[in-house]
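Per-entry structural report
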Amino acid sequence: MTTLIKLQLRKNLLTFSVILGAVLASVPLALAIKSEGMPAHEAINLAMLYWGLAGLPLSALILSGIAGSEAAGEKARDTEQPLPVSQYRLLLSGLAAALLETFALLAVVYGILGFKLPLESLTGAQEQLLRFFVFGLSCLAVYGFTLSYVFRNGIAGAALAGAASAAILIPLTSTAIFQRLAFKLIPLWLINPLVAAAALAGGALALRLFSLARDRQAVGQVRLLSAGAGLLAAPVLAAFAVLMWLNYGARQVTMPVGNLFFPLYGTDSNLYPGREKNAALMLAQRPFYGEVFFVDKDGNRAVLERGGERRESGFTYLMPDLTFSNGQSMTGEDGKTWALYSVGRRGRLTHGSIKEGFNNSWDIHATWSMELLGGKEPGILDRRDDAYYFAPLPPGAGGLEWKKVASRDAGYLRFLGEKYLKDGLAAEVSKDGKTLEHKGKRWPLPGEIVTRAAVPGVRLTDGLNFLVPVRVKDDYSTYLCRPNGKSEPLWPSYFRITQNLTITPDGTVWGVERRPLPPAGRSPNADIATALFYLLTPDGKAMSAVNTDGLLRKAGITYGDIWPLRAQNGYLWFNAGNKFLVKTEAANLENAKFWELPKVVRERHKTVSPSTDGVFIAGADGIYFMDWEGKTRKLD
């Protein structure tokens, strides 16, 4: 076989030499025509970029097209027929020669680049595109040779090969990009290699069938030609089937409607009475349709935005068209819910309930910069380019009435602190910075209170409690100021409401420290940390540095995260990597139960949302509810 390939390489030497000469000549040409300020290496890189994007694919078609059409010619048949090898081996040697010449040109271009791509580093998407590029060159060479042999015409074969390769590559590439940028729905790690193997092996097998067809009678020829055409068409059909599968999966996806403002600027809406009532609902979306809706644990729904597919069904899309929403919600004193959300670029404020519907709505200009605030004067805080603005709820006759409450330089924390104080939800720090005061009560502390802003309280079983970060000597500690006027050290770390503490719907307060500690099976440089949790239960019991690394290991999660959901009656509940609901004894984390969660499309904290009775899960195929003992039901 090696001798045959050498023979074929000699036959194509002239064509290959001309293309190789053009590649080499492009280097001095690029240096000659570059602009005066452009560095020499950038000019060469640009020339090689043109070769990579257009020159190499075209060269693969030229080399394979010429070789395939010549192999089908009578001259080649008469010359090579006396050789003591089968016709198919001769064709395979010609195909192998075309592939070798194509990748020899690729190696030359890569060598001119200094055997590295002109990028400091490759992102995951770029690495994937590079693999598709290499597969594309192979596909062009195989299809170009086979089709040129069938039609005995290099131009026709090359044109059809280019179309077939594009029909395979474009759907697969767009699917891979979608899953890289959005979320994973189908197992491309398995699909892509199978389609690539089917294209390359199918092209080589089709070549055998086409060669046999030339020696058969009419009936046998039709059968062989049909089978060969089917082998060439199968990868194209498979690529479009993958797209249809992706679009079907995208139609089923649900996600939580997340709040873009809260993670960036740290106001903690859970502080306000009535906010906890809203934990009985989940604000969710179906991004394929742009639909936004509320759902409760019994499956009752209230659709805020119906959305709708904007394209006719049955069409194979190159990429699912997603309209993501962001937003937040809050239950008022009247038991009805306020929702502030956006769909695409359009913002909405709505008011109502699942039972009665959401019939009151107002257009809002940009919800991503806004935060719903409750309390005695509920309203919306808006971060604008010039300042912070506040509008009370409900809106007036002319809509929202905005007033400036803080400059951009001063920030809005003072406004929030004053609002907390008016609502009776915060304590003040004394002038000397060592005493906390609230409604006539005073808590002397053994060091300087780190903040001078109002300190929001949290409601526990015994009433309103305050967590205060205090500097003790050269370190920080967090103190708990109880309603009975006593203070006690809580945690040997810096924690503060509205900054690095979270409140779950049942009233559990938790903070986290992350210390580098790679899980089993990963290298010491792995980008992961063990979570050490500091918890304050609703009945006022404190837990310090609860190490959850063992729970992740038991769950088989070697790369992931974990979040507390609930603390009741000596038990703790966690969301382990959005894969398991975990219930464990607070005194012994080894004694734990694991319930597998429905599959979700994004590894985000809010994808699994705790409520008072269990957790809502925005799954890959709908909304689920799981109670605290692992019983699951689908809500839509």
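Above this text you will find the structure in question.
Note that this is a predicted model, so its numbers are computed, not measured.

1. Topic: the sheet that holds strand 29 (residues 608–610)
Ordered in space as 29-30-31-32, the 4 strands form an open sheet in which the pairing is antiparallel. With one partner strand each, in any of the chains shown, strand 29 and strand 32 (632–634) form the two edges of the open sheet. Direction aside, neighbouring strands of the sheet carry axes that sit 20° apart on average. Note that strand 31 (residues 622–627) and strand 32 share 3 bridges and pair antiparallel. The residue bridging F625 from the neighbouring strand is R633, located in strand 32.

2. Points about the pairing of strand 15 (residues 441–444)
In this sheet, strand 15 lies alongside strand 14 (residues 435–438) in antiparallel orientation, the contact comprising 4 bridges. Directly across from E437, in strand 15, lies its bridge partner R442. The hairpin turn running from strand 14 into strand 15, its antiparallel successor, is 2 residues long, and K439 in that turn takes a positive phi close to 50°.

3. With respect to the environment of R251
One can find R251 in helix 9 (residues 218–252). Distance from R251 to R286, taken between C-alpha atoms, is 7.5 Å for residues 35 residues apart in sequence. Once residues lying within four places of it in the same chain are set aside, the contact partners of R251 are R286, F288, Y289, E309 and Y317.

4. Thoughts on the nonpolar core
Ranked by size, the top nonpolar core spans 54 residues in total, and within it Y143, I168, F183 and L185 carry the most contacts. Sorting the residues of this core by element identifies helix 3 (40–72), helix 5 (87–112), helix 6 (124–151), helix 7 (154–181), helix 8 (188–213) and helix 9 as the ones contributing at least two each. Ignoring anything within four residues of it in the chain, the contact list for L185 reads F178, Q179, L246, G249, A250, V253, K599 and V601. Membership of the second largest hydrophobic core comes to 20 residues, among which are F533, M543, I562 and L572.

5. Remarks on the sheet that holds strand 5 (residues 325–331)
As summarised here, the arrangement of the 4 strands in space is 5-6-7-8, forming an open sheet in which the pairing is antiparallel. Across the chains shown, the open sheet's two edge strands, defined by having one partner strand only, are strand 5 and strand 8 (357–364). Strand-to-strand, the axes of this sheet are offset by a mean angle of 20°, without reference to chain direction. Here 7 bridges tie strand 5 to strand 6 (residues 337–343), and the two strands are oriented antiparallel to one another. From the neighbouring strand, S325 faces strand 6, where its bridge partner is V343.

6. A few points about the packing of aromatic side chains
What describes a pair of aromatic rings is the distance from one ring centre to the other and the angle between the planes of the rings. The tally for this structure, following the rule as stated, stands at 17 aromatic pairs. With a centroid separation of 5.2 Å and 20° between ring planes, the pair formed by F294 and F358 is classed as stacked. Separated by 64 residues along the polypeptide, F294 in strand 3 (residues 291–296) and F358 in strand 8 bring together distant segments of the chain. Each member of the pair, F294 as well as F358, is classed as buried. Measuring from centroid to centroid gives 5.0 Å for F616 and F625, while their planes differ by 70°, and the two rings are edge-to-face. The same class applies to F616 as to F625, namely buried. Across the ring face of W402, the terminal group of R384 is positioned such that the distance to the ring centre comes to 4.8 Å. Sitting over the ring of Y571, K583 keeps its end group 4.6 Å from the ring centre.

Definitions and cut-offs
- Residues numbered from 1 in each chain as written.
- Predicted model: local features only at pLDDT ≥ 70, side-chain atom pairs only at ≥ 80, totals over all residues.
- Heavy atoms only, no water.
- Pairing = 2+ DSSP bridges.
- Helix = DSSP H or I, 4+ residues; strand = E, 2+ residues; numbered from the N terminus.
- Axes fitted to C-alpha atoms, helices over the stretch in contact; angles between N-to-C directions.
- Contact = heavy atoms within 4.5 Å.
- Core = buried A, V, L, I, M, F, W, Y, C linked by side-chain atoms within 4.5 Å.
- Buried < 20%, exposed > 50% of the residue type's maximum accessible area, 1.4 Å probe, protein only.
- Phe/Tyr/Trp six-rings, centres within 6.5 Å; stacked < 30°, edge-to-face > 60°.
- Lys NZ or Arg CZ within 6 Å of the ring centre and 35° of its normal.

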